[in-house]
Amino acid sequence: MSYHINHLKELESESIFILREVAAKFENPVLMFSGGKDSILMVHLAYKAFFPAKIPFQLLHVDTGHNFPETIQYRDEMVKKLGLKLIVGSVENALKSGLVTEEKGFNASRNGLQTAVLLDELEKGKFDAALGGARRDEEKARAKERFFSHRDEFGQWDPKNQRPELWNLFNNKYNIGEHFRVFPISNWTELDVWQYLSIEKVDLPSLYFSHTREVFFRDGVLLADCEYINKRPEEKVFKEIIRCRTIGDMTCTGVWKSNANTVEEIIEEISTTRLTERGGRTDDKRSETSMEDRKKHGYF
């Protein structure tokens, strides 16, 4: 399978430039890690950006407690292999402390509760920049973000008041209590990510490849059956050969029928599909502007 190597090298160069800019311009940056392919790509790019030195960023994972077990296993193995420091912000602990309140009902999810935990961890760690793997092609609200995206003292984002970024000049000035979200892979597409991971031979969680799992349909979305989801009487569980196209909280991460067992097969699959990557994320379906509303209040 042939890839546009020069295009991928240009994307790599741009992302590495931004990672180095963050290391140079900010006092205490942190790299957000979810266990998904985009955050895995971010770690790989950071490794290349600073080799032979270690990655100069701590990793921060906001753990809902409802993650796929494979995600946590991969995360811990990767952190150990690279010798990185991992900070885990726990939604479970936030519930116990009263910082957040558990949702009720059939559609209950801890996904939205991550925002308060994230902001709390950023404040506790005194982080002035949080690096994330969001891409502009994922969702319309994310397409509005700059590379260096300013957040006020409450962690809020104002999409109508963003700083210009001309000629790769980034404004990192902020007041006490404010911080930046930085998105080094903004210009990558889902296909770019997979092609690059294939060329670089990056290890990935088994969830991305086809496997048999117990699932059920909810509002047209195929969800993995788990103890964290309160199913309706009519929602019947059955076995299906599936894979994850995105990885997040099990309560809102849709899975896809697929026989793709290799990265090359995944690339072929997404090259021909008309379904968007986040089309199976139920958290994006809560309202017309659900992602933008969450981002305005501090969601990543």
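Since the model is a prediction, treat every value here as computed from it, not as a measurement. (Residues numbered from 1 in each chain as written. Predicted model: local features only at pLDDT ≥ 70, side-chain atom pairs only at ≥ 80, totals over all residues. Heavy atoms only, no water.)

Trainee: Please clarify how helix H3 (residues 69-82) should be interpreted in this entry.
Mentor: The periodicity of an α-helix, 3.6 residues per turn, causes residues three or four positions apart to be oriented the same way. Here H3 contains 14 residues, and its C-alpha end-to-end distance of 20 Å stays within 8% of the 20 Å for a straight helix at 1.5 Å per residue. Taken together, the buried positions of H3 are occupied by Thr-71, Ile-72, Tyr-74, Arg-75, Met-78 and Val-79. For H3, the buried positions fall inside an angular range of 165° around the axis, keeping them on one side. Among the exposed residues of H3, those pointing more than 90 degrees away from its buried face are Pro-69, Lys-80 and Lys-81. Contacts made by the buried residues of H3 are with helix H2 (37-50), strand E2 (58-63) and strand E3 (86-90). Looking one or two residues past H3, Gly-83 carries a phi angle of roughly 70°, positive in sign. (Helix = DSSP H or I, 4+ residues; strand = E, 2+ residues; numbered from the N terminus. Expected span 1.5 Å × (residues − 1). Buried < 20%, exposed > 50% of the residue type's maximum accessible area, 1.4 Å probe, protein only. Arc of directions from axis to C-beta. Contact = heavy atoms within 4.5 Å.)

Trainee: What's the story with the pattern of salt bridges in this structure? I'm lost.
Mentor: When the charged atoms of two side chains with opposite charge come close together, those side chains can pair. In this structure the tally under the stated criterion is 18 salt bridges. Between Glu-70 and Arg-213 there is a salt bridge, with its nearest N and O atoms 2.8 Å apart. Taken together, the positions of Glu-70 in helix H3 and Arg-213 in strand E7 (residues 211-218) put the pair 143 residues apart, joining distant regions of the chain. The partner of Glu-240 in a salt bridge is Lys-257, and the shortest N-O contact between them spans 3.8 Å. Of this pair, Glu-240 sits in strand E9 (residues 238-244) while Lys-257 sits in strand E10 (residues 255-257), and the two are 17 residues apart along the sequence. Judged by relative accessible area, which is 52%, Lys-257 ranks as exposed. What emerges from the salt-bridge pattern is a single network uniting Lys-9, Glu-12, Lys-48 and Glu-200. (Salt bridge = Lys/Arg side-chain N within 4 Å of Asp/Glu carboxyl O.)

Trainee: When you look at unusual backbone geometry in this model, what are you seeing that I'm missing?
Mentor: What you tend to see is this: most non-glycine residues have negative phi, and most peptide bonds are trans. Here Phe-51 and Pro-52 are connected by a cis peptide whose omega angle stands at 10°. Its identity is not glycine, yet Lys-126 carries a phi of approximately 55°, on the positive side. Locating Lys-126 in the fold gives a position in the loop between helix H5 (114-125) and strand E4 (129-131). Taking relative accessible area as the criterion, Lys-126 reaches 67% and is therefore assigned exposed.

Trainee: Got a minute to help me understand the packing of aromatic side chains in this structure?
Mentor: In this description, a pair of aromatic rings is defined by centroid distance and the angle of the planes. Within the structure shown, the criterion is met by 6 aromatic pairs. An angle of 85° between the planes, with centres 5.7 Å apart, marks the rings of Phe-50 and Phe-57 as edge-to-face. Of the two residues, Phe-50 and Phe-57, neither departs from the other in class, the shared state being buried. Considering the side-chain rings of Trp-188 and Tyr-196, the 5.2 Å spacing of their centres and the 90° angle between planes classify their relative orientation as edge-to-face. Exposure class is identical for Trp-188 and Tyr-196. Each is buried. The ring of Phe-216 has Lys-231 sitting right over it, with the charged end atom 5.8 Å from the ring centre. Above the ring of Trp-256, the side-chain terminus of Arg-245 is found at 4.9 Å from the ring centroid. (Phe/Tyr/Trp six-rings, centres within 6.5 Å; stacked < 30°, edge-to-face > 60°. Lys NZ or Arg CZ within 6 Å of the ring centre and 35° of its normal.)

Trainee: What should I look at first to understand the packing of helix H6 (residues 190-200) against helix H7 (residues 263-272) in this one?
Mentor: For any two helices packed against each other, the geometry is given by the interaxial angle and the distance between the axes. Across the interface, H6 lies against H7 with an axial gap of 10 Å and an inter-helix angle of 165°. Classified by the angle their axes make, H6 and H7 are roughly antiparallel. For the pair H6 and H7, the crossing hand works out as left-handed. Side by side, H6 and H7 meet where Glu-190, Leu-191, Trp-194, Gln-195 and Ser-198 of the first sit next to Val-263, Glu-264, Ile-266, Ile-267, Ile-270 and Ser-271 of the second. For the contact of H6 with H7, the residue count by class is 6 nonpolar, 3 polar and 2 charged. (Axes fitted to C-alpha atoms, helices over the stretch in contact; angles between N-to-C directions. Parallel < 35°, antiparallel > 145°, perpendicular 65-115°, else oblique. Left-handed = near helix turned anticlockwise from the far one by under 90°. Nonpolar A, V, L, I, M, F, W, Y, C, P; charged D, E, K, R; others polar.)

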